[in-house]
Amino acid sequence: MSRDAAAGAVAAVDLGATSGRVIVGHVGADTLDMTQVARFPNDPVRTSDGLHWNILGLYGAATAGLREAFRVAPEITSIGIDSWAVDYGLLRDGRMLGDPFHYRDERTAAGVDAVHALLPHSELFERNGLQFLPFNTLYQLAAEPSELLNFADTALLIPDLLGFWLTGVARAEVTNASTTGLLRALDRHWDDALIARLGLPRGILPPLIAPGETLGALLPEVAAALGARPDAAVTAIGSHDTASAVVAVPMQADAAAYISCGTWGLVGVEVARPVLTPEALAANFTNEGGVDGRVRLLHNVMGLWVLSEAVRTWERAGHTIDLPTLLDSAEEVSGPIPVFDVNDPRFLAPGDMPGRIDQWFAEHDTTPPRTRAEYARSIVESLAQAFADAALEAGRLGGVDVRTIHIVGGGSLNELLCQRTADRAGMPVLAGPVEATALGNVLVQARAAGIISGSLESLRDLVARTHAPRRFAPRTS
């Protein structure tokens with residue numbers, strides 16, 4: 001691909017729930033291309049006290065990737081880091097107090113009980129605008145031993161933790177902080193009154209930083225280890241991976257819904273202000289911070305996690321599963337396809353996913369799938385229905401006339417899922433870009449560096465011109 005003479009280079013560290021990558025992005029007025037220089041697994045670790053992220057392994061893999069990025073593109077001036085939301089590390093005097101817990105760890109149930117004994121979800125929603133999810137950060141913090149919280153002096157969400165290790169500067173990027181439940185929805189500041197009522201130590205929450213602001217220069221020893229130029233810095237981007245992904249959705253925000261589809265399916269619309277209505281509360285929608293002060297009104301759908309965990313279950317039983325072949329077989333399944341509620345909490349934790357699907361159907365007097373192809377088709381159909389329902393509901397709640405649904409992320413490669421979502425929603429689905437999160441990360445950095453300029457709409461126009469999506473028209477039968 002040809003590049004503008006004035007194109008600049010930045011590096012994106014993009015950490016997903018199952019893998020991470022480091023990408024070099026070149027951006028100019030008519031250029032937006034990326035080169036992946038490192039990819040690595042993200043495998044959680046179970047110890048005697050629960051399920052944890054291997055954060056030191058991730059940091060080591062990310063810095064090795066950044067060394068390669070600076071080797072192939074020594075002109076890089078900026079690094080941006082995004083990851084999943086809600087999880088955090090506790091520190092004291094800059095030292096981490098144990099590996100961060102995984103949001104799927106069972107300990108969060110005790111935190112939910114503790115918080116709701118003080119405030120019902122309806123009151124929390126009025127303040128933070130978040131849907132009920134049992135792993136939101138405020139529930140996790142409430143599950144921590146009070147002695148540990150009082151001993152810690154800082155809590156950093158995953159991208160902020162890596163940024164701290166690179167720069168020595170502790171900040172909370174606002175799009176990710178908006179998922180903690182401890183930010184006021186209307187002004188995106190820490191809710192000191194709520195924090196006090198929950199008995200959490202306010203002092204562990206660092207100052208906020210917005211996408212596009214400079215977190216800090218690389219520490220000299222870090223810059224030397226990475227082979228980076230001395231003026232290289234970390235730039236705050238939409239560090240919640242969905243916030244970055246939405247930046248790169250090539251949509252008209254007043255007429256479209258988006259689905260950022262991977263392990264989770266984040267289904268919503270972009271609005272100017274939080275929607276804190278009783279209808280949004282009843283529908284269990286969430287208001288999360290977006291880049292440029294936008295609001296992501298969305299619903300968390302369980303996502304491709306359900307299919308991935310079913311595949312892992314079969315593999316543990318000794319079967320060899322090729323996912324493309326499985327999906328081809330699923331597409332050939334004929335006759336009525338049973339559909340289940342993918343948002344049922346039973347599907348959240350790791351384990352025997354086909355067995356849980358059987359259990360759901362038994363409780364609803366429905367015949368379950370029999371073959372692996374039928375299970376895969378049932379999962380895809382159930383996801384497509386949940387996606388279609390959530391997209392239309394998001395438009396209704398947010399006052400957006402949804403006429404198109406955009407699917408970005410890994411799920412945009414699943415042609416059967418894209419087509420069935422279009423069929424069930426009765427409107428076109430535009431699929432891609434696959435690497436929307438990394439693209440959004442790169443674009444916000446490039447704009448902050450002055451390489452490009454303009455609104456989110458102009459950034460999306462650049463995506464549309466350089467990464468045209470694939471169209472799936474709804475079928476009538």
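These numbers were taken from a predicted model, which means no experiment stands behind them.

Novice: Explain the overall build of the protein to me, using residue names and the numbers behind them.
Specialist: Within the protein, the regular secondary structure consists of 18 helices and 20 strands. In terms of overall dimensions, the protein is globule-like: its C-alpha atoms have a radius of gyration of 22 Å, near the 23 Å expected for 477 residues. Taken across its 477 residues, the protein has 60% of its residues classed as buried. When contacts within the protein are restricted to residue pairs at least 6 apart in sequence, long-range pairs at least 24 apart make up 72% of them. Counting only carbon and sulfur atoms, one obtains 52% of the accessible surface of the protein, whose full area is about 18,100 Å². Seen as two clouds, the 37 positive and the 56 negative side-chain charges of the protein have centres 2 Å apart.

Novice: Tell me about the environment of Leu215, residues and numbers included.
Specialist: Position of Leu215 relative to the elements: it lies in strand 12 (residues 214–217). Linking Leu215 and Pro324, residues 109 residues apart in sequence, is a C-alpha distance of 41 Å. Setting aside anything within four residues of it in sequence, one finds Leu215 in contact with Gly163, Thr167, Val169, Arg171, Ile209, Val234, Thr235 and Ala236.

Novice: Tell me about the nonpolar core, and please be specific about residues and values.
Specialist: Counting residues in each nonpolar core, the largest one holds 136 residues, and the members touching the most others are Ile79, Leu166, Leu218, Phe340, Ile405 and Leu443. Each of two domains, domain 1 (8–236) and domain 2 (251–432), supplies a minimum of three residues to this core. Those residues within four positions of Phe340 in sequence are excluded, and the remaining contacts are Val306, Phe347, Ile357, Trp360, Phe361, Ser378, Ile379 and Ser382.

Novice: Let's hear about the pairing of strand 2 (residues 19–28): which residues, and what values?
Specialist: Of all ten residues making up strand 2, ten are buried, and the element is well covered by its neighbours. Every second residue of strand 2 is oriented toward a common face, with Ser19, Arg21, Ile23, Gly25 and Val27 on one face and Gly20, Val22, Val24, His26 and Gly28 on the other, all of them buried. Bridge count between strand 1 (residues 8–15) and strand 2: eight bridges; the pairing is antiparallel. For Asp14, the partnering residue across the bridge sits in strand 2 and is Arg21.

Novice: Give a description of the sheet that holds strand 6 (residues 78–82) that names residues and reports values.
Specialist: The strands making up a sheet are joined through hydrogen bonds of the backbone, oriented either antiparallel or parallel. Taken in spatial order, the six strands of this open sheet run 3-2-1-6-13-12, and their pairing is mixed. Edge strands, defined here as strands with exactly one partner in the open sheet, are strand 3 (31–41) and strand 12. Ignoring strand direction, the axes of neighbouring strands in this sheet form an average angle of 25°.

Novice: An account of unusual backbone geometry is requested, with residue identities and associated values reported.
Specialist: The residue after Gly432, namely Pro433, is reached through a cis peptide bond having omega 10°. Tracing the sequence through the fold places Pro433 in the loop between strand 19 (429–431) and helix 17 (436–448). Within the chain, Asn284 stands out as a residue other than glycine whose phi angle is a positive 60°. Within the fold, Asn284 resides in the loop between helix 11 (278–282) and strand 16 (286–289). With a relative accessible area of 22%, Asn284 lands in the partly exposed category.

Novice: Break down the packing of helix 1 (residues 55–72) against helix 6 (residues 158–167) for me, citing the residues and quoting the values.
Specialist: Running from N to C, helix 1 and helix 6 point in directions that differ by 60°, and their axes come no closer than 11 Å. On the basis of their axis angle, the class for helix 1 and helix 6 is oblique. For the crossing formed where helix 1 meets helix 6, the hand is right-handed. Packed against helix 1, whose contacting residues are Ile55, Leu56, Tyr59, Thr63 and Leu66, the element helix 6 presents Ile158, Leu161, Leu162, Trp165 and Leu166 at the interface. Of the residues that constitute the contact of helix 1 with helix 6, the class distribution is nine nonpolar, one polar and no charged.

Novice: How would you explain the sheet that holds strand 14 (residues 256–261) if you had to name every residue and give the values?
Specialist: Pairing is mixed across the open sheet formed by seven strands, whose spatial order is 16-17-15-14-18-19-20. Every other strand in the sheet has two partners, leaving strand 16 and strand 20 (470–472) as the edge strands with one partner each. Averaged over all pairs of adjacent strands, the angle between strand axes in this sheet comes to 30°, irrespective of strand direction. With four bridges connecting them, strand 16 and strand 17 (residues 295–301) associate as antiparallel partners. Opposite Glu288, over in strand 17, you have Arg296 as the bridge partner. Across the sheet, helix 16 (residues 415–425) lies against strand 14, strand 18 (404–408), strand 19 and strand 20, angled at about 45° from strand 20, the strand it touches most.

Novice: Give me the lowdown on helix 16, citing residues and values where you can.
Specialist: Burial analysis of helix 16 places nine of its eleven residues in the buried class, the great majority of the element. Those residues of helix 16 not exposed but buried are Leu416, Leu417, Cys418, Gln419, Arg420, Thr421, Ala422, Asp423 and Ala425. On the buried face of helix 16, the contacting elements are strand 14, helix 13 (323–332), helix 15 (372–398), strand 18, strand 19 and strand 20. Of the residues flanking the end of helix 16, it is Gly426, one or two places downstream, whose phi is positive at about 70°.

Novice: How would you explain helix 12 (residues 305–316) if you had to name every residue and give the values?
Specialist: With twelve residues, helix 12 should reach 16 Å at 1.5 Å per residue; the first-to-last C-alpha distance of 16 Å fits that figure. Taken residue by residue, helix 12 has Trp305, Val306, Leu307, Glu309, Ala310, Val311, Thr313 and Trp314 as its buried positions. Positive backbone phi, approximately 100°, marks Gly318, located one or two places after helix 12.

Novice: Can you lay out the side chain of Asp105 for me, pointing to particular residues and giving the numbers?
Specialist: As for its placement among the helices and strands, Asp105 is situated in the loop between strand 8 (95–96) and helix 2 (108–116). A polar side-chain atom of Asp105 sits 3.0 Å from the main-chain amide nitrogen of Arg107.

Procedures and definitions
Residues numbered from 1 in each chain as written. Predicted model: local features only at pLDDT ≥ 70, side-chain atom pairs only at ≥ 80, totals over all residues. Heavy atoms only, no water. Helix = DSSP H or I, 4+ residues; strand = E, 2+ residues; numbered from the N terminus. Rg over C-alpha atoms; globule rule 2.2 N^0.38 Å. Buried < 20%, exposed > 50% of the residue type's maximum accessible area, 1.4 Å probe, protein only. Contact = heavy atoms within 4.5 Å. Areas by Shrake-Rupley, 256 points an atom, 1.4 Å probe, with all protein chains shown as cover. Lys, Arg positive; Asp, Glu negative; His and termini not counted. Charge placed at Lys NZ, Arg CZ, Asp CG, Glu CD. Core = buried A, V, L, I, M, F, W, Y, C linked by side-chain atoms within 4.5 Å. Domains from an automatic or database assignment. Pairing = 2+ DSSP bridges. Axes fitted to C-alpha atoms, helices over the stretch in contact; angles between N-to-C directions. Parallel < 35°, antiparallel > 145°, perpendicular 65-115°, else oblique. Left-handed = near helix turned anticlockwise from the far one by under 90°. Nonpolar A, V, L, I, M, F, W, Y, C, P; charged D, E, K, R; others polar. Expected span 1.5 Å × (residues − 1). Polar contact = N/O pair within 3.5 Å; in protein donor to acceptor, adjacent residues only side chain to side chain.

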